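Listed below, chain by chain, are the residues.
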Amino acid sequence: MLSVKSTRADLGRFVRRTAKTLGLQVEGPVLALHGRPEGARTVDRERSRDAEPSKPVLPRSHPLLEVTPIRYPETWVQRHQGLKVYGPTISVVDANDRLLADVSVEWGRKPEENWTFRRFHLPNPKRVTGKTLVLASTGGNTYFHWITDILPRIRLAREAGYLPGSFDHILVNGLDQPFQEGTLETLGIPKDKCLVFAEGESAWQLEEAILPSLPGVPGVVPRESVDFLRRELAAPQSGASRRIFIGRGGAKHRNLVHEEEISRELGKKGFEKVDCGNLSVLEQARIFASADMIVGAHGAALTNLVFCRPGTRVIELFSPRYVNPCYRDLCVAAGLSYAAVIGDGKDWDLSTRHDEPSAAITVSWSLLEEALEAVGSGR
């Protein structure tokens with residue numbers, strides 16, 4: 001049975017194709033183009049990497065953390081004239097009225113159901129002259145996607161021969177979050193060169209644009225991005241011996257139910273609790289790069305695993321109602337040792353869906369202690 005949104009998208013494409021055939025002006029895309037566009041320069045070839053079994057996974061194994069080949073798509077960079085970029089859910093439309101599916105992400109929707117197809121009236125694009133580097137992508141106002149999707153596109157541009165300093169403008173999601181402006185400055189991009197999306201829906205039409213693909217499927221970080229971020233943002237460390245605990249710090253959603261007890265008991269074993277929300281990206285990078293053992297509740301702070309040294313031991317704490325393997329996959333790319341604890345052992349209930357991201361994390365200290373012993377850190 002077709003959904004209302006799917007039907008509206010089909011109708012939108014039909015109306016626009018008909019109008020274009022009749023020689024009428026078209027507002028918005030008429031079709032979705034998948035894969036590397038013609039004329040784009042390839043940066044990374046399609047590749048894959050096998051994930052070693054995560055162990056231990058307590059109280060029992062979970063299919064989303066099992067051994068599976070992790071595939072990384074081809075990456076590319078393309079030069080465009082008259083490119084249109086809509087936001088804040090980023091959708092990119094070329095001069096031939098084609099939605100570029102690989103860089104137009106709407107969570108939970110196929111490209112053919114993208115909001116730009118469902119809308120008959122789209123924001124009027126603001127025209128920009130000069131040369132613009134497009135970094136913006138859906139989710140780019142969140143820490144994880146900014147670090148793993150937005151910033152690595154700079155590497156792709158560099159690999160294709162474009163340096164950030166050569167652009168008149170850089171298009172990003174926003175500069176409202178401290179991590180956005182700070183990391184751009186570190187990478188040599190001044191605030192006054194940045195174009196951002198206004199509150200609500202808005203759009204840009206770019207005279208000349210350099211469009212890198214996403215560095216990978218959102219949520220799946222390739223090794224090339226790990227190497228780039230370590231090199232550009234993580235200060236070298238003389239040794240890695242710290243043990244750190246990342247809790248949820250009183251978060252209103254996905255709270256760690258037994259955080260006080262877990263923090264107290266980990267403290268007895270030499271762990272220090274770190275609140276990443278009070279630190280700059282560079283400070284977070286230095287701390288994670290100096291750790292040899294990390295226990296952390298599933299959340300954005302674990303994005304900083306990208307800065308860890310190879311071999312760092314990681315134990316991630318989940319709710320049984322929400323097991324997202326993104327940080328397990330990050331550990332694979334970064335060469336880290338990964339284990340997980342899912343719930344308190346009594347409430348474990350197999351779920352492979354991602355529809356309860358706010359579910360409380362009920363991990364008990366007894367199960368976490370068992371995991372610590374298994375990875376050789378139960379001192």
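Structure: see above.
Per chain, residue numbering runs from 1 following the sequence as it is written. Since the coordinates come from a predicted model, pLDDT governs what is reported: local features require at least 70, and pairs of side-chain atoms require 80 or more to be given and counted, while whole-chain, interface and lining totals use all residues. With hydrogens and water set aside, each side-chain value is computed from the structure's full complement of heavy atoms.

## Describing the side chain of glutamate 316
Positionally, glutamate 316 belongs in strand β16 (residues 313-318). Only 2.6 Å separates the side chain of glutamate 316 from the side chain of histidine 298, close enough to count as a polar contact. In the analysis that follows, any N or O atom pair within 3.5 Å is treated as a polar contact, provided that within protein one partner can donate a hydrogen and the other can accept it, and provided that, for residues neighboring in sequence, both atoms belong to side chains. One polar contact links glutamate 316 to tyrosine 338, side chain to side chain, over a distance of 2.6 Å. The contact definition used throughout considers only heavy atoms, calling two residues in contact when any of these lie within 4.5 Å. In contact with glutamate 316, other than residues within four places in its own chain, are Gly296, His298, Leu302, Tyr327, Arg328, Tyr338, Ala339, Ala340 and Val341. The helix and strand labels rest on DSSP assignments: H or I over at least four residues marks a helix, E over at least two residues marks a strand, and numbering proceeds from the N terminus.

## Here's the deal with the side chain of threonine 132
Counting through the fold element by element, threonine 132 comes out in strand β9 (residues 126-134). What threonine 132 contacts, discounting residues up to four positions off in sequence, is Phe167, His169, Ile170, Leu171, Leu195, Leu206, Glu208, Ala209 and Ile210.

## A closer look at the packing of helix α7 (residues 259-268) against helix α10 (residues 365-374)
At a minimum axis separation of 10 Å, α7 and α10 run at an interaxial angle of 35 degrees. When you trace α7 past α10, the crossing you get is right-handed. In this structure, α7 contributes Glu261, Ile262, Glu265 and Leu266 to the contact, and α10 contributes Trp365, Leu368 and Leu372. For the contact of α7 with α10, the residue count by class is 5 nonpolar, no polar and 2 charged. Structural elements are reduced to axes, namely lines fitted to C-alpha atoms, with helices fitted over the stretch in contact, and the angle between N-to-C directions of any two is expressed from 0 to 180 degrees. Crossings are sorted by hand: turned counterclockwise from the far helix by less than a right angle, the near helix makes the crossing left-handed, and turned clockwise it makes it right-handed. Put simply, Ala, Val, Leu, Ile, Met, Phe, Trp, Tyr, Cys and Pro go in the nonpolar bin, Asp, Glu, Lys and Arg in the charged bin, and everything else, Gly too, in the polar bin.

## A word on the layout of surface pockets
Points on a 1 Å grid over protein atoms alone make up a cavity when a 1.4 Å probe fits among them but cannot get out, and a pocket when they form an open set with protein on both sides within 12 Å along at least five of seven lines; lining residues each have an atom within 4 Å of a point. Grid points are joined across faces, edges and corners, and a volume is the space filled by probe spheres set on the points. For the largest pocket, the calculated volume is near 610 Å³. Forming the walls of the largest pocket are 26 residues, and the residues nearest its centre are Asp275, Cys276, Gly277, Leu279 and Gln284. By residue number, the principal contributor to the lining of the largest pocket is helix α5 (residues 178-186), which donates 5 residues.

## A word on the sheet that holds strand β13 (residues 242-246)
Strands pair, by our definition, only if DSSP identifies at least two bridges between them. Ordered in space as β4-β17-β16-β15-β13-β14, the 6 strands form an open sheet in which the pairing is parallel. Looking at which strands have only one partner, the edges of the open sheet turn out to be β4 (57-58) and β14 (272-273). For β13 and β14, the ladder comprises 2 bridges, and the chain directions are parallel. Each bridged residue has a counterpart across the sheet, and for isoleucine 244 the counterpart in β14 is glutamate 272. Here α7 sits on the sheet and contacts β13, β14 and β15 (291-297); the angle it forms with β13, its principal contact strand, is near 175 degrees.

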